[in-house]
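Descriptive structure summary
The lines below spell out each chain.
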Amino acid sequence: MIKLFRNIRKNLLNEGKTTKYFKYAIGEIVLVVIGILIALQINNWNQNRLNDTKEQFTLSSINKEFKENRVQLDTVLFYHKNAYASTKKLISMFPISIERDNLDSISKYLGESLSAWTFNPSQGSVNSIINSSSLDLIHNDELRDILVSWQDLVIDFQEDETTSKNAVINQIDPFLAQHLDYNFNFTDKRNNLKILESLEFEYLINIKLATLFSILDKGSELKELEHNLNRIIELTKAKK
């Protein structure tokens, strides 16, 4: 094709048709530019199609991961709420009388109040996206913002859970271990049940209630955590 154009230009020059030569040359340049633009457009179209495919794959991975995280959070919250309810029931019995009160109920409430669950979501997809250029593939601005802030939000929520867990490990367990058996089997004569009537026991159980309240308080990180988790699932749903 290039050789053909060259021969035409040569013939025009040889025939002295300079004006036609320049017109032809300009036309040839225009055709070349149009060809380049078309090639670039096709290349851009292919790249956009490839990016759209990558985006859909990325969104699918995120959606699957966060649906699993939602199930895990629901499970963790079930145990937090159960611990909170049991702790309140135990506190409602204060001051405890080991002669008057039902020891089986105290044992049950005490055991349930000391559960220490933590939310540990899978973050493989999010970390992979943030640590690579894949974040640029996501067109939705809201989704990008939520994903970027997700890890910090999880850390803030886990701090409240860790505070509650540490209250058990560092304060409540050491006290109870000196006086009660591990399973709170109050029929075991070695148990010192008098500590259930003590101010120290009441104080420690109230600390546990306060830490659980911090976790479950709708004004804390939990509300934002649940909202963002649900939004991520919603914004990454497959398009029909």
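So, a few notes on the structure that sits alongside this text. Computed from a predicted model, the values in this text were never measured in an experiment. (Residues numbered from 1 in each chain as written. Predicted model: local features only at pLDDT ≥ 70, side-chain atom pairs only at ≥ 80, totals over all residues. Heavy atoms only, no water.)

Check the secondary structure of the protein and you find 7 helices and 0 strands. Taken from N to C terminus, the helices and strands of the protein fall in the order α-α-α-α-α-α-α. Within the protein, buried positions represent 36% of all 240 residues. Long-range pairs, those at least 24 residues apart, make up 77% of the contacts in the protein between residues at least 6 apart in sequence. Carbon and sulfur atoms make up 55% of the accessible area of the protein, which totals about 14900 Å². (Helix = DSSP H or I, 4+ residues; strand = E, 2+ residues; numbered from the N terminus. Buried < 20%, exposed > 50% of the residue type's maximum accessible area, 1.4 Å probe, protein only. Contact = heavy atoms within 4.5 Å. Areas by Shrake-Rupley, 256 points an atom, 1.4 Å probe, with all protein chains shown as cover.)

A volume near 260 Å³ is recorded for the largest pocket. Ranked by residues supplied to the lining of the largest pocket, first place goes to helix 5 (residues 141-177) with 4 residues. For the lining of the largest pocket, the per-class residue count stands at 7 nonpolar, 2 polar and 2 charged. A volume near 160 Å³ is recorded for the second largest pocket. Residue lining of the second largest pocket: Glu55, Gln56, Leu59, Ile138, His139, Asn140, Leu143, Glu234, Leu235, Lys237 and Lys239, and that is the complete set. When residues of the lining of the second largest pocket are traced back to their parent elements, those giving at least two are helix 2 (18-92) and helix 7 (221-235). (1 Å grid on protein atoms, 1.4 Å probe; cavity = no way out; pocket = protein on both sides within 12 Å on 5 of 7 lines; lining within 4 Å. Points joined across faces, edges and corners; volume = space filled by probe spheres on them. Nonpolar A, V, L, I, M, F, W, Y, C, P; charged D, E, K, R; others polar.)

Here we come to the pattern of salt bridges. Across all of its chains, the model carries 9 salt bridges by this definition. A salt bridge links Arg70 to Glu226; the shortest N-O distance between them is 3.2 Å. Of this pair, Arg70 sits in helix 2 while Glu226 sits in helix 7; the two residues are 156 residues apart in sequence, bridging distant segments of the chain. A relative accessible area of 15% means that Arg70 is categorised as buried. Overall, the relative accessible area of 15% leaves Glu226 in the buried class. Across the salt bridge formed by Arg144 and Asp141, the nearest N and O atoms sit 2.4 Å from each other. Separated by 3 residues within a single helix, Arg144 and Asp141 lie in helix 5, roughly one turn from each other. Through salt bridges that share partners, Arg70, Asp74 and Glu226 make up one connected network. (Salt bridge = Lys/Arg side-chain N within 4 Å of Asp/Glu carboxyl O.)

Here Phe94 and Pro95 are connected by a cis peptide whose omega angle stands at -10°. Mapping Pro95 onto the fold places it in the loop between helix 2 and helix 3 (103-113). Within the chain, Phe184 stands out as a residue other than glycine whose phi angle is a positive 55°. Its location among the elements puts Phe184 in the loop between helix 5 and helix 6 (199-216). Residue classification places Phe184 among the buried residues on the basis of a relative accessible area of 11%.

The full count for this structure, using the stated rule, is 6 aromatic pairs. Taking the centre distance of 6.0 Å and the plane angle of 70° together, the rings of Phe94 and Phe201 count as edge-to-face. In this pair, Phe94 sits in the loop between helix 2 and helix 3 while Phe201 sits in helix 6, placing the two residues 107 residues apart along the sequence. Exposure class is identical for Phe94 and Phe201. Each is buried. Relative to Phe186, the ring of Phe184 has its centre 6.5 Å away and its plane inclined at 50°; by these criteria the two rings are tilted. Classification of Phe186 as buried rests on a relative accessible area of 10%. (Phe/Tyr/Trp six-rings, centres within 6.5 Å; stacked < 30°, edge-to-face > 60°.)

This part takes up helix 5. Across its 37 residues, helix 5 extends 52 Å between first and last C-alpha, which sits within 8% of the 54 Å expected from 1.5 Å per residue. At Trp150, helix 5 is deflected by roughly 45°, the largest bend along its length. At the N-terminal end of helix 5, a side-chain oxygen is found 3.0 Å from the backbone nitrogen of Glu142, two or three residues along, and the residue is Asn140. (Expected span 1.5 Å × (residues − 1). Bend = angle between axes of the 7 residues up to and from the residue. Polar contact = N/O pair within 3.5 Å; in protein donor to acceptor, adjacent residues only side chain to side chain.)

Glancing now at the packing of helix 5 against helix 6. Closest axis-to-axis distance for the helix 5/helix 6 pair is 8 Å, and the angle between their directions is 165°. Between helix 5 and helix 6, the angle falls in the class roughly antiparallel. Here the hand of the crossing between helix 5 and helix 6 comes out left-handed. Two secondary-structure elements touch here, helix 5 through Phe157, Asp160, Glu161, Thr163, Ser164, Ala167, Val168, Gln171, Ile172, Phe175 and Leu176 and helix 6 through Glu200, Phe201, Leu204, Ile207, Lys208, Thr211, Leu212, Ser214 and Ile215. Considered class by class, the residues forming the contact of helix 5 with helix 6 number 11 nonpolar, 5 polar and 4 charged. (Axes fitted to C-alpha atoms, helices over the stretch in contact; angles between N-to-C directions. Parallel < 35°, antiparallel > 145°, perpendicular 65-115°, else oblique. Left-handed = near helix turned anticlockwise from the far one by under 90°.)

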